[in-house]
Amino acid sequence: MRHSWYGSAFYDVERLIRMDSQTASNSPTSLETQWDAQLYDSKHSFVSQFGTSLVELLSPKSGESILDLGCGTGHLSDKIAASGAEVISIDSASTMIEQASQHYPNLRFEVADARDLQFQEQFDAVFSNAVLHWIKEPEKVIASIQRALKPGGRFVAEFGGKGNVNAVIRAISNAMEAVGYPVDEAMNPWYFPSIGEYGTLLEQQGLELTFATLFERPTLLDDGDQGMQNWIKMFGNSFLQIIPADKQTEVLVNIENQLRPTLYQEGTWFADYKRIRVMAIKL
Ligand code: BEZ
């Protein structure tokens, strides 16, 4: 299996990009969430690469009005706009919006909370790449999307799905338990639904599911030997923060030891990402 990853087209480096200071409150998608926009940008070509195929699924048309929900530094907004569509892009992180506005002064970017969007029947499509797994209140986001779409409008999204980073989460849990700090579900900052679960939520709010898939995308982590530790320090803070500082190295080494047989190869760490992709139409 490890070798097939190397031959896989599913290399994904949409990683180590989110500097999340909100995991302590288990509210990583609140407006106070901090992003390192430059770090995000330095990795963006890979994000765009996968996001580009999502833009193809969106298939934007000239003259359409499209919302990019969770736009980051705006590169995919720009790709969508290249079709001739009119794009409005939102993100909860002001750092991202500032950087996006500098890069693409002709596009419209706004800081907004996806759980409480103010748009009313304005868009032909809502697009979202690699952000919805950070929002643990999917019903509120779906309600926002439903309101924002015109009747007949489409919602096209990709994010972490059921089983995403399962091996990593299991290893964190084992390692924390071993030092006397068992993991509580409330520490988990992520929402990784199955396509059945998410499709049901969409349909409950008047969005007809027309496409859904869940697929593995093993994701190469930067920084060689340090890749897994760096990923956990950056994204797993809501777990690690309860461990006293003098036990953290022991926990991180334990996690690496558990994961090395399956997620490490020839000096490179991978994360066991699984993605969900959906398309739905507002009835
Ligand atoms: C993801 O893109 O699936 C992801 C990123 C950071 C933490 C967890 C999941």
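Since the model is a prediction, treat every value here as computed from it, not as a measurement.

### Quick look at the packing of helix 7 (residues 166-178) against helix 11 (residues 245-263)
Contact geometry for helix 7 and helix 11: axes closest at 8 Å, N-to-C directions at 145°. Seen along the crossing, helix 7 lies across helix 11 with a hand that is right-handed. In this structure, helix 7 contributes A167, V168, R170, A171, I172, N174, A175, M176 and A178 to the contact, and helix 11 contributes V251, N254, I255, Q258, L259 and L263.

### As for the sheet that holds strand 10 (residues 274-282)
If you trace the 7 strands from one edge of the open sheet to the other, you get 3-2-1-4-5-10-6, paired in mixed fashion. At either end of the open sheet lies a strand with only one pairing partner, and these are strand 3 (108-111) and strand 6 (207-216). Strand after strand, the sheet turns through a mean of 15° between neighbouring axes, direction not considered. For strand 1 (residues 65-69) and strand 2 (residues 86-91), the ladder comprises 5 bridges, and the chain directions are parallel. Within strand 2, the residue paired with D68 across the bridge is S89. Against the sheet, helix 5 (residues 94-103) touches strand 2 and strand 3, its axis set at about 165° to strand 3.

### Observations concerning helix 5
In an α-helix, one full turn covers 3.6 residues, which means residues spaced three or four apart are oriented alike. Listing the buried residues of helix 5 in full gives M96, I97, Q99 and A100. Along the long axis of helix 5, the arc covered by the buried residues comes to 165°, so they all point the same way. In helix 5, those exposed residues whose orientation departs by more than 90 degrees from the buried face are E98 and Q102.

### Structural notes on unusual backbone geometry
With glycine set apart, most residues show a phi of negative sign, and most peptide bonds adopt trans. For V165, which is not glycine, the phi dihedral falls at a positive 45°. Examined against the element boundaries, V165 turns out to sit in the loop between strand 5 (149-160) and helix 7. Judged by relative accessible area, which is 2%, V165 ranks as buried. The backbone of E266 shows a phi angle near 50°, a positive value even though the residue is not glycine. Examined against the element boundaries, E266 turns out to sit in the loop between strand 8 (264-265) and strand 9 (268-271).

### Details of the site of the ligand
Around the ligand sit H133, W134, N164, W190, F192, W231, F235, Y273 and R275, and those are all the residues in its vicinity. One of the side-chain N or O atoms of H133 is found 3.4 Å from an oxygen atom in the ligand. Between the ligand and R275 there is a distance of 2.5 Å, counted from an oxygen atom to a side-chain nitrogen or oxygen. For the shell around the ligand, the residue count by class is 6 nonpolar, 2 polar and 1 charged.

### What about the packing of aromatic side chains?
One pass over the structure, following the stated rule, counts 11 aromatic pairs. Taken together, a centroid distance of 5.1 Å and an interplanar angle of 80° make the contact between F119 and F123 edge-to-face. A residue is classified by how much of its surface remains accessible, and F119, at 9% relative accessible area, is buried. Here W134 and W190 contribute two aromatic rings whose centre-to-centre distance is 6.1 Å and whose plane-to-plane angle is 75°, an arrangement assigned as edge-to-face.

### A word on the pairing of strand 2
Buried residues dominate strand 2, accounting for 5 of its 6 residues. Crossover strand 1 to strand 2 through helix 4 (residues 75-81) is right-handed. Across 4 bridges, strand 2 lies against strand 3 in parallel orientation. Bridge assignment links S89 to a residue of strand 3, and that residue is F109. With helix 5 bridging strand 2 and its parallel neighbour strand 3, the resulting β-α-β unit is right-handed.

### Notes on the sheet that holds strand 9
As summarised here, the arrangement of the 3 strands in space is 7-9-8, forming an open sheet in which the pairing is antiparallel. The open sheet is flanked by strand 7 (219-220) and strand 8, the only strands paired with a single partner. Where strand 8 and strand 9 come together, 2 bridges link them in antiparallel fashion. The residue bridging Q265 from the neighbouring strand is T268, located in strand 9. Each of strand 8 and strand 9 is contacted by helix 11, which is oriented at about 90° to strand 9, the strand it contacts most.

### As for helix 9 (residues 227-235)
A large share of helix 9 lies buried, amounting to 7 of its 9 residues. Along helix 9, the residues classified as buried are G227, M228, Q229, W231, I232, M234 and F235.

Analysis parameters
Residues numbered from 1 in each chain as written. Predicted model: local features only at pLDDT ≥ 70, side-chain atom pairs only at ≥ 80, totals over all residues. Heavy atoms only, no water. Axes fitted to C-alpha atoms, helices over the stretch in contact; angles between N-to-C directions. Helix = DSSP H or I, 4+ residues; strand = E, 2+ residues; numbered from the N terminus. Left-handed = near helix turned anticlockwise from the far one by under 90°. Contact = heavy atoms within 4.5 Å. Pairing = 2+ DSSP bridges. Buried < 20%, exposed > 50% of the residue type's maximum accessible area, 1.4 Å probe, protein only. Arc of directions from axis to C-beta. Near = heavy atom within 4 Å. Polar contact = N/O pair within 3.5 Å; in protein donor to acceptor, adjacent residues only side chain to side chain. Nonpolar A, V, L, I, M, F, W, Y, C, P; charged D, E, K, R; others polar. Phe/Tyr/Trp six-rings, centres within 6.5 Å; stacked < 30°, edge-to-face > 60°. Right-handed = clockwise from strand over helix to strand, strands pointing away.

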